[in-house]
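# Observations on the model geometry
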Amino acid sequence: MTVRVQTEDFDAGWEINQLRKARKDIGAVVSFIGLVRDVNEGDAVSQLTLEHYPGMTEKQLAVIVTEAETQWPILDTLVVHKVGDILPNQPIVLVAVWTSHRGDAFDACRYIMEALKFNLYILLFFVIIQIIIFKKNILLRSYESFLSNSPIDSGKKQGLPRKSSTRKLVNNPSSEST
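So, a few notes on the structure that sits alongside this text. (Residues numbered from 1 in each chain as written. Predicted model: local features only at pLDDT ≥ 70, side-chain atom pairs only at ≥ 80, totals over all residues. Heavy atoms only, no water.)

## Comments concerning the pattern of salt bridges
Throughout the structure, instances matching the rule amount to three salt bridges. The partner of Glu15 in a salt bridge is Arg4, with the nearest N and O atoms 2.5 Å apart. Here Glu15 is found in helix H1 (residues 12–22), whereas its partner Arg4 is found in strand S1 (residues 2–6), with eleven residues between them in sequence. The exposure class assigned to Glu15 is buried, which follows from its relative accessible area of 11%. Across the pair Arg23 and Asp25 runs a salt bridge whose closest N-O atoms are separated by 2.8 Å. Residue Arg23 is classed as partly exposed on the basis of its relative accessible area of 24%. For Asp25, a relative accessible area of 40% corresponds to the partly exposed category. (Salt bridge = Lys/Arg side-chain N within 4 Å of Asp/Glu carboxyl O. Helix = DSSP H or I, 4+ residues; strand = E, 2+ residues; numbered from the N terminus. Buried < 20%, exposed > 50% of the residue type's maximum accessible area, 1.4 Å probe, protein only.)

Here is the structure:
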């Protein structure tokens with residue numbers, strides 16, 4: 001398992017080929033590459049800025065991959081998530097799964113991507129017509145909605161914060177000093 005959160009661009013083809021060349025027991029590779037769209041809820045987007053909590057994000061990604069490994073016979077997994085400033089049509093996330101058979105690879109890759117989307121703490125800032133849109137109350141409501149709709153038991157199983165700690169995540173002291 002390889003999990004990386006980085007500010008640098010990544011080349012999905014190169015990443016996938018590195019492991020493929022190193023192993024001869026792989027029968028299937030399924031990958032998902034997420035790109036930044038140039039529109040969000042009808043507004044043109046010129047840039048997406050992602051912030052994350054170092055250490056926490058990587059641990060949560062590892063938990064998601066480990067859960068998938070308990071459900072499917074995965075030979076290896078790669079998850080690369082970009083943070084920082086990302087332009088439309090640039091890759092934001094890569095999930096690749098290596099297995100012996102295609103069905104397991106498809107199922108595991110989809111599971112990881114869906115779990116990543118619903119259980120990863122990354123703050124999104126859309127730059128719309130060169131104005132960063134970020135409203136604290138909207139984020140709080142969205143985050144509380146996310147917690148109540150999470151497919152994983154409100155996060156308790158994975159040590160995720162409960163609703164009462166939502167404000168602590170939004171008011172991250174390390175981000176206030178910048």
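Having seen the structure, we can now continue with the description.
## Observations concerning the nonpolar core
Val79, Ile92, Val95, Val97, Ile112 and Leu116 are the most contacted members of the largest nonpolar core, which totals 26 residues. When contributions to this core are tallied by element, the ones reaching two or more residues are strand S2 (28–35), strand S5 (47–52), helix H2 (56–71), strand S6 (74–82), strand S8 (91–99) and helix H3 (102–119). By residue number, the principal contributor to this core is H3, which donates seven residues. When neighbours within four sequence positions are excluded, Leu116 is seen to be in contact with Leu61, Ile64, Val79, His81, Val93 and Val95. Counting residues in each nonpolar core, the second largest holds ten residues, with Ile16, Leu19, Ile26 and Leu94 among its members. (Core = buried A, V, L, I, M, F, W, Y, C linked by side-chain atoms within 4.5 Å. Contact = heavy atoms within 4.5 Å.)

## Here's the deal with unusual backbone geometry
In this model, Asn89 sits at a positive phi of 75°, which is unusual for a non-glycine residue. Exposure remark for Asn89: the relative accessible area of 60% places this residue in the exposed category.

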